[in-house]
Amino acid sequence: MKQGGLLFPKESTRKKRKKHHKSIIDRDMKNQCFICGKTGYTERHHIYGSANRKYSEQYGLTVYLCPECHRTSDIAVHRNKEVRITLQRIGQRAFEEKCGSREQFVKTFGKNYLEEE
Ligand SMILES: [Zn+2]
Ligand SMILES: [Zn+2]
């Protein structure tokens, strides 16, 4: 089921039995922007950057974004803190659903993104 372009996906994503060698984020598809749903050229974004970038890679916490949503527009994830945090929350939920406990997440990424709502 595709809800292209929804920044806040429905919570009802059922557990999929899927190997996560790539992204573990549901609905994440190459050639479609995770945020706006636009198809075409996309860039791979690591949900947690700098020191945590390698863990983003390791756990598949990446999404494909169009250049606007990634870098250039006002709501681009690298320019807009709210958008960034929204993705980080989505990432943490995916981690907790598929990879490990909240404790493990916080231990790995150094922060609990689901607490500050
Ligand atoms: Zn986009
Ligand atoms: Zn990025």
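Residues numbered from 1 in each chain as written. Chains lettered and ligands numbered in written order. Predicted model: local features only at pLDDT ≥ 70, side-chain atom pairs only at ≥ 80, totals over all residues.

**Q** Help me get a handle on the overall build of the chain, residues and values and all.
**A** Counting its regular elements, the chain contains four helices and two strands. In sequence order, the chain lays out its α and β elements as β-α-β-α-α-α. In the chain, which comprises 117 residues, the proportion classed as buried is 28%. (Helix = DSSP H or I, 4+ residues; strand = E, 2+ residues; numbered from the N terminus. Buried ≥ 20, exposed ≤ 12 C-beta atoms within 10 Å, placed from the backbone.)

**Q** Quick one: what's the story with the confidence of the model for the chain, residue by residue and with numbers?
**A** Per-residue confidence for the chain gives a mean pLDDT of 86, with 80% of residues at or over 70. Confidence drops under a pLDDT of 50 for residues 15-20, and excluding neighbours within four residues, the segment shows three contacts in the predicted structure. (pLDDT = per-residue confidence, 0-100. Contact = placed C-beta atoms within 7 Å.)

**Q** So what's going on with the nonpolar core? Residues and values would help.
**A** Residues Cys 33, Phe 34, Leu 61, Val 63, Leu 65, Cys 69 and Ala 94 are the most contacted members of the largest nonpolar core, which totals 21 residues. Here this core gets four residues from one element, more than from any other, and that element is helix H3 (residues 81-98). With sequence-adjacent residues up to four places away left out, Leu 65 is seen in contact with Cys 33, Phe 34, Ile 35, Thr 42, Glu 43, His 45, His 70 and Val 77. (Core = buried A, V, L, I, M, F, W, Y, C linked by C-beta atoms within 7 Å.)

**Q** Lay out the environment of Pro 67 in plain terms, naming residues and giving numbers.
**A** Following the sequence through the fold, Pro 67 ends up in helix H2 (residues 67-72). Residue classification places Pro 67 among the partly exposed residues on the basis of 15 C-beta atoms within 10 Å. C-alpha of Pro 67 to C-alpha of Thr 42: the two residues are 25 residues apart in sequence and 6.5 Å apart in space. When neighbours within four sequence positions are excluded, Pro 67 is seen to be in contact with Glu 43 and Thr 72.

**Q** How would you explain unusual backbone geometry if you had to name every residue and give the values?
**A** A negative phi angle characterises most non-glycine residues, just as the trans form characterises most peptide bonds. Residue Asn 31 is not a glycine yet carries a positive backbone phi of 75°. On the secondary structure map, Asn 31 appears in the segment before strand S1 (43-46). One non-glycine residue with positive phi stands out, namely Ser 50, at about 35°.

**Q** Outline H3, listing residues and values.
**A** With 18 residues, H3 should cover 26 Å at 1.5 Å per step; its first-to-last C-alpha distance of 25 Å lies within 8% of that length. Within H3, the full set of buried residues consists of Leu 87, Gln 88, Ile 90, Gly 91, Gln 92, Ala 94 and Phe 95. (Expected span 1.5 Å × (residues − 1).)

**Q** Explain the environment of Asp 28 to me, using residue names and the numbers behind them.
**A** Here Asp 28 is to be found in the segment before S1. Residue Asp 28 is classed as buried on the basis of its C-beta count, with 20 C-beta atoms lying within 10 Å. Between the alpha carbons of Asp 28 and Leu 65 there is a distance of 9.4 Å; along the sequence they are 37 residues apart. Not counting the four nearest positions on each side in its chain, Asp 28 is found in contact with Ser 23, Phe 34, Val 63 and Tyr 64.

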